[in-house]
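Below are the chains, spelled out letter by letter.
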Amino acid sequence: MDEELNNPKYEIPPEIQHQVAITTVDKIYNWSRRNSLWPMMFGLACCAVEMIGAAASRYDFSRFGMEVMRASPRQADVMIVSGTVTKKMIPTIVRLYNQMGEPKYVVAMGVCASSGGPFKEGYSVVPGVDRFIPVDVYIPGCPPTPQALLYGLMALQEKIDQQSIQTVRWYKKGDSSPIPIPVLGPDLMDPRDFDLIKRRAQENLQMEEQVSPTNIEEADSHVG
Amino acid sequence: MLVKTSSDGIKDLLSRYGDSLLADTRPGFGGYFIKTEQLVPFCRSLRDEAGYDYLSSVTGVDNFPEDQMEVVYHFYKTIGGPAFVLKVQASRHETVIPSLTPLYPGVEFQECEAWDLLGIRFEGHPDLRRILMWEGFEGFPLRKDWREPFFEDENKPFKSRWPDGHVLRTEEENPYKNNVQYPAAFDPDQWIPAGDAALYEGLLSLTKEGQSDFKTDHIVVNLGPQHPSTHGVFRMVVALEGETVLSLKPVMGYLHRNHEKIGERNTFVQNMPFTDRLDYISSMSNNFGYALAVEKLMDVHPPERAEYIRVIMAELTRFLSHIFSIGFLLNDLGAFFTPALYAIEERELILDIFEAASGSRMMCNYFRFGGVVRDLPDGVLGKIKDLVIDRLPRKLDEFERYLTKNDIVRVRCEGVGVLKIEEAIGLSAAGPVLRASGVPYDVRKADPYSIYDRFDFDVAYGLHGDIYDRYLVRVEEMRQSLRILKQALRDIPGGAVMNGKPQYQVRVPAGEAYGRVEGPKGELGFYVISNGKPNPWRYHVRAPSFINLTSLSTMAKNQKIADVVALLGSIDIVLGEVDR
């Protein structure tokens, strides 16, 4: 990476070769960002323990510039969703995501965060955090080993390398709109789905009226 | 509350309450039914006269075919001995049962849980709220006629995920393409979230008692659910006067993964990997408890070698869990991450052994009914010996040299968060929390399971019940674990590790069983009811972390807010087990 960074394909006069480096804005910008990815200190479940393991001496992800875990979303670059996302927790997660400053990335660590995993069918589990917030890297495993987490974070670094300052969303004109925060109702409610919920609830009501015994009797009497 | 007990106290009691008691004679079941109105007086006599001072577990059972709801209590004596099982029955439609909180304050959260998941209303409970789900959630999920949004079939294994050669996904079945369902004619615009109003109201009503003459404002502070000191997604709501905690309420459920509902759909063997994910730091102990409960029902006994392997794994787990928790207690005291790094170094070495034995670092899924899934590979016993005889004692000494007499540790921990002995028993605290308060109660000694009666070890206990004693108890328990490990490694025989052929589908006769082990966090119990079918009818976990939290507000009262963080660290909760 470093050699590539310093090789812009411009000719540098020999007398200043050791004092001047020429590179592109994208490269230097991405290089500095990818090597200081600060994760948010935010453990959800079992995977969080492996995340701690990845931070500790044997695996040590500070070798890749990720050692600074921040408890505040304002100071974090990447949110590692490490564990099962429950319906009770998702409003907080969305709020935390909204509070993170751009550029921000999300890593879904483990099958629970990716798709609900072994707990998917349960009544209180969100089947994947990507139903609410955009995910950049999915890491399979239950829980993924620290090596897998490192590999996932390196995949994220590769993604950052390919971004260009001209096209990234956080330098686009206009306000970025926060993700609407889900509401805890009789079940989890996504504000973007309110119309659908209303429509389906009406349909359910009609179906119930159709099959209820009084209606069947009425229908019979009409026929008779 | 330590009362003198006569050996025939329970017999007196049974004859005195003869009219309202009825022995449970269903085959495979035990214990007594009691009439609802006699429950409280009988339990008072049970506690004060017969010496059953420790109410370990309270849970509900939905007897859907008989249209009845049942509440099952497991009482123990803190001086040791088997359980006394008491049951109460009520109608499924209007389930009201008197609360036992005045007698055994430790049932507070367990009764909340039964209300939350089964809809059993406990009359006289001081703060009956939904504890795992949120206020306003529709329905009681553990009832047998309640179906979750992604419902596929009553029982596993499902007939086919590929009907007519097409993959069937639950998302496509659900009209919302998501894991949700709403009542008919529900209008989301009219919905007002219940929020935390009831919680804050309950909290501030507690603070009004001891107001001083000074006019100060009480402020309510939320620690969590996203907070670096809560060891996961746990929330403490604290009412403060200055820096002093007036009252505290733990709020949980942020990791509620419907362990029990899934467990009742799964076959018996399918539940084993789910138990790993309860207390994810000590998965081997969880396997142990569940295997014991089902083995009781099946009446099988593992071969000798398997028993030794089980004990070795359980004690390594205890060491791992305790060293991890001490590392993170220091984190909470402000020694950020350095002591934890020392702990994690040892943890990695133990995880290597688990990985060699079971194939996975954390989620071992190693135990089976009647043994363990496979024998230890070559060389692993040698590795364990090296660790147990040489490295771990040395590292433990090093740990102690840094911490035990460290001034800062002592100033922060001594006399902080005291739980008195009678409070600890009443609040059903378990494990190091109970023992640090002066009760030498360890299931391995009090009600020996597996082969623990063969080993020579002591029960560590403290006298002061403060954070420092909990730390010392954990250190001493690690030493005792090493002692057990040395004996087990010396005596381990050869032979088979599994009783009979390994089976995917075990036959479990009808009946109930309560299997309990002394896990690293405390008494871990599994209450399993089988009706002879391939799936358990009721599957309940007595989670020590969850019940130990009942005592958090007692300990935190009148402490400083900074100490609450250390206090939580000293209880050593794991959220997977708290919320299940």
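Quick caveat: nothing in here was measured; it's all calculated off a predicted structure. (Residues numbered from 1 in each chain as written. Chains lettered and ligands numbered in written order. Predicted model: local features only at pLDDT ≥ 70, side-chain atom pairs only at ≥ 80, totals over all residues. Heavy atoms only, no water.)

What follows deals with the interface of chain B and chain A. Across the contact, 65 residues belong to chain B and 55 residues belong to chain A. With both chains or domains summed, chain B and chain A bury close to 5500 Å², and 64% of this area falls on carbon and sulfur atoms. At the surface where chain B touches chain A, the tally comes to eight salt bridges. With a closest N to O distance of 2.8 Å, E171 of chain B and K120 of chain A form a salt bridge. Here chain B is connected to chain A by 27 residue pairs in polar contact (both at pLDDT 80 or more). Mapped by element, the contributors of at least two residues to the side of chain B that touches chain A are α4 (170-173), α6 (259-265), α9 (304-333) and α10 (338-358) of chain B. Here the element with the most residues in the side of chain B that touches chain A is α10 of chain B; it accounts for six residues. Taken together, the residues of the side of chain B that touches chain A sort by class into 41 nonpolar, ten polar and 14 charged. (Contact = heavy atoms within 4.5 Å. Buried area = accessible area lost by both parts, 1.4 Å probe. Salt bridge = Lys/Arg side-chain N within 4 Å of Asp/Glu carboxyl O. Polar contact = N/O pair within 3.5 Å; in protein donor to acceptor, adjacent residues only side chain to side chain. Helix = DSSP H or I, 4+ residues; strand = E, 2+ residues; numbered from the N terminus. Nonpolar A, V, L, I, M, F, W, Y, C, P; charged D, E, K, R; others polar.)

Right, let's talk about the sheet that holds strand β14 (residues 522-530) of chain B for a bit. Residues and elements named next belong to chain B. Overall, antiparallel pairing links the three strands, which are arranged β13-β14-β15 in an open sheet. The outermost strands of the open sheet, each flanked by one partner alone, are β13 (511-519) and β15 (536-542). Strand-to-strand twist of the sheet, defined as the mean angle between neighbouring strand axes without regard to direction, takes the value 10°. Sheet topology note: the β13/β14 ladder contains nine bridges and is antiparallel. Across the sheet, residue G519 finds its bridge partner in β14, namely G522. (Pairing = 2+ DSSP bridges. Axes fitted to C-alpha atoms, helices over the stretch in contact; angles between N-to-C directions.)

What follows covers the sheet that holds strand β1 (residues 78-82) of chain A. Strand pairing in a sheet relies on backbone hydrogen bonds. The paired strands run either parallel or antiparallel. Residues and elements named next belong to chain A. Reading across from one edge, β1-β2-β3 is the order of the three strands in this open sheet, with parallel pairing throughout. Bordering the open sheet on either side are β1 and β3 (137-139), each of which pairs with just one other strand. For this sheet the average axis-to-axis angle between neighbouring strands, irrespective of direction, equals 15°. Relative to β3, helix α6 (residues 146-161) is tilted by about 165°, and along the sheet it contacts β1, β2 (105-109) and β3.

A few words on the confidence of the model for chain A. All names here are of chain A. For chain A, per-residue confidence averages 84 on the pLDDT scale, and 90% of positions sit at 70 or higher. Per-residue pLDDT, averaged within each element of chain A, yields its smallest value for helix α8 (residues 213-223) (47) and its largest for β3 (93). The model gives residues 215-224 a pLDDT under 50, and that stretch makes four contacts with residues more than four places away or in other chains. (pLDDT = per-residue confidence, 0-100.)

Moving on to unusual backbone geometry. Residues and elements named next belong to chain A. At the junction of E102 and P103, the peptide bond is cis and its omega measures out at -10° in the coordinates. Residues C142 and P143 are joined by a peptide bond in cis, for which omega reads -10°. Its location among the elements puts P143 in the loop between β3 and α6.

Glancing now at the environment of G119 of chain B. By secondary structure assignment, the location of G119 of chain B is in the loop between α3 (108-118) and β7 (121-123). With near-sequence residues (within four places) excluded, G119 of chain B lies in contact with T95, A114, F140 and R143 of chain B.

Once that is clear, we can look at the domain arrangement of chain B. Residue and element names in this part refer to chain B. Domains assigned within chain B are domain 1 (2-123), domain 2 (195-251) and domain 3 (259-579). Between the C-alpha centres of domain 2 and domain 3 there is a distance of 31 Å. In this assembly, 17 residues from domain 2 lie in contact with 18 residues from domain 3. Viewed at the interface, domain 3 and domain 2 are joined by zero salt bridges. Looking at the side of domain 2 that touches domain 3, the elements with two or more residues in it are β9 (235-241) and β10 (244-251). Broken down by element, the residue count for the side of domain 2 that touches domain 3 peaks at five residues, all from β10. Its residues assigned to classes, the side of domain 2 that touches domain 3 comprises ten nonpolar, five polar and two charged. (Domains from an automatic or database assignment.)

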